[in-house]
Amino acid sequence: MKIEISSPLDMHLHLRDGAMLDNIAQCSSNSFAGAIVMPNLLPPVTSKEEIIAYKKRIKLAIKDDTFTPYMTLFFKNSYDFDFLSSIKEEIIAIKLYPAGITTNSEGGVDGFDIESLKMTLDAMSELEIPLCIHGETNGFVMDRESEFIPIYEKIATAFPKLKIIMEHITSKDSVQALDRFENLYATITLHHLIITLDDVAGGMLKPHLFCKPIAKRPEDRFALRKLAFSGHPKVMFGSDSAPHPQHAKESCGCAAGVFTAPIALQVLTELFLQNSTIENLQKFVSDNARNIYSNIVIPSKIVTLEKRSFIVPSNYGGVVPMFANEEIPFSIVDIKG
Ligand code: DOR
Ligand code: ZN
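Residues numbered from 1 in each chain as written. Chains lettered and ligands numbered in written order. Predicted model: local features only at pLDDT ≥ 70, side-chain atom pairs only at ≥ 80, totals over all residues. Heavy atoms only, no water.

Engineer: Looking at this model, I keep getting lost on the packing of aromatic side chains. Mind explaining?
Structural biologist: Aromatic ring pairs: the centre-centre distance and the angle between the two ring planes describe each pair. On inspection of all chains with the given rule, the structure shows nine aromatic pairs. Between Phe148 and Tyr152, the ring centres sit 4.9 Å apart and the planes meet at 75°, which makes this aromatic pair edge-to-face. With Phe148 and Tyr152 both in helix 5 (residues 144–158), this residue pair falls four residues apart, about one helical turn. For the pair shown, Phe148 and Tyr152 are each scored as buried. Among the aromatic side chains, those forming a connected cluster through ring pairs are Phe32, Phe229, Phe237, Phe272 and Phe284. The ring of Tyr185 is capped by Lys234, whose NZ or CZ atom sits 5.6 Å from the centre of that ring. (Phe/Tyr/Trp six-rings, centres within 6.5 Å; stacked < 30°, edge-to-face > 60°. Helix = DSSP H or I, 4+ residues; strand = E, 2+ residues; numbered from the N terminus. Buried < 20%, exposed > 50% of the residue type's maximum accessible area, 1.4 Å probe, protein only. Lys NZ or Arg CZ within 6 Å of the ring centre and 35° of its normal.)

Engineer: Looking at this structure, I do not really get the nonpolar core. What am I missing?
Structural biologist: For soluble globular proteins, the rule of thumb is that nonpolar side chains tend to be buried together. Counting 93 residues, the largest nonpolar core has Leu84 and Ile155 as its most contacted members. Apart from the residues within four sequence positions on either side, Ile155 is in contact with Phe112, Ile114, Leu117, Leu121, Leu131, Ile133, Leu162 and Ile164. Tyr97, Cys132, Met236 and Tyr293 belong to the second largest nonpolar core, which has 19 residues in total. (Core = buried A, V, L, I, M, F, W, Y, C linked by side-chain atoms within 4.5 Å. Contact = heavy atoms within 4.5 Å.)

Engineer: Just checking my understanding: could you explain the pattern of salt bridges for this structure?
Structural biologist: Side chains that differ in charge, positive against negative, can pair when their charged atoms come close. Evaluation of the coordinates by the stated rule reveals seven salt bridges. In this structure, Glu153 engages Arg180 in a salt bridge whose closest nitrogen and oxygen atoms are separated by 2.7 Å. Of this pair, Glu153 sits in helix 5 while Arg180 sits in the loop between helix 6 (172–178) and strand 8 (184–188), placing them 27 residues apart in sequence. When salt bridges that share partners are traced, they join Lys2, Glu306 and Arg308 into one network. (Salt bridge = Lys/Arg side-chain N within 4 Å of Asp/Glu carboxyl O.)

Below, the structure is given as structure tokens:
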């Protein structure tokens with residue numbers, strides 16, 4: 001059986017920089033027609049010059065015209081209309097991190113009073129630049145995402161023209177919040193469709209499954225799966241594939257992030273075939289994003305998968321992928337640009 005996916009997209013990806021970028025970038029371009037690239041470098045990407053230079057480095061690492069890196073700027077509440085209009089053509093969205101909530105987010109937002117965000121969010125609304133949010137408070141780790149929902153609602157109400165993407169949702173509360181506001185959208189990762197906290201910490205600790213937001217309860221995973229498998233038009237695939245060197249994961253003080261780029265499309269295909277339809281996979285992994293990010297230009301790329309198992313390598317240049325050394329049933333057998 002052959003499965004064809006037209007222009008698959010990863011709407012939330014960490015490509016890093018330097019040697020790591022060179023190591024892992026092709027893991028994404030081997031499967032996807034494009035990806036939204038997160039700006040949480042050290043220091044974060046906050047200027048037009050940095051965006052242009054980073055995009056150039058990504059293209060050099062990828063060497064493939066059928067993959068587009070869609071660039072994002074690291075949110076600062078000091079961005080004004082003139083600055084954002086000068087940068088609009090270079091970016092697809094702006095990514096907001098609460099300060100200190102995850103990897104390299106120290107320069108993020110410290111409080112969420114509407115007054116302090118108003119100048120930048122008004123300009124983004126006017127210029128139709130979507131806002132991607134890592135929605136977690138600094139409360140108890142299992143409750144952080146649910147505690148953030150009132151902040152989503154406050155921003156969605158105050159800026160009704162702003163498209164707001166709830167990134168990597170992990171809880172049934174977020175699933176329920178999605179349809180309460182027209183201007184709320186969401187991405188879901190592969191790993192949150194598969195694991196719960198039990199897989200991370202229920203037995204021997206699994207550092208390669210540790211990420212932010214942390215995987216939650218079975219009922220949360222159930223709600224995420226139901227939403228993704230339904231092909232809901234406000235939901236997109238965003239892998240949040242976040243590579244860290246093996247030593248940074250297998251250490252005291254494990255870095256957060258699951259590296260799924262090399263196996264994401266293959267495992268999604270398996271999951272959707274078991275639980276949904278290939279039409280809904282096409283929506284989840286491409287068509288919905290095309291409609292939500294209305295100005296997006298997507299390279300045409302037909303990716304063909306087949307039921308042919310392969311053993312996932314133990315690492316990619318020193319980064320351990322999800323399902324390392326395990327057999328997965330689907331392989332990519334052809335890519336047409
Ligand atoms: O687990 C995560 N890793 N979550 C994030 O939000 C950031 C990411 C990273 O950059 O490593
Ligand atoms: Zn991320």
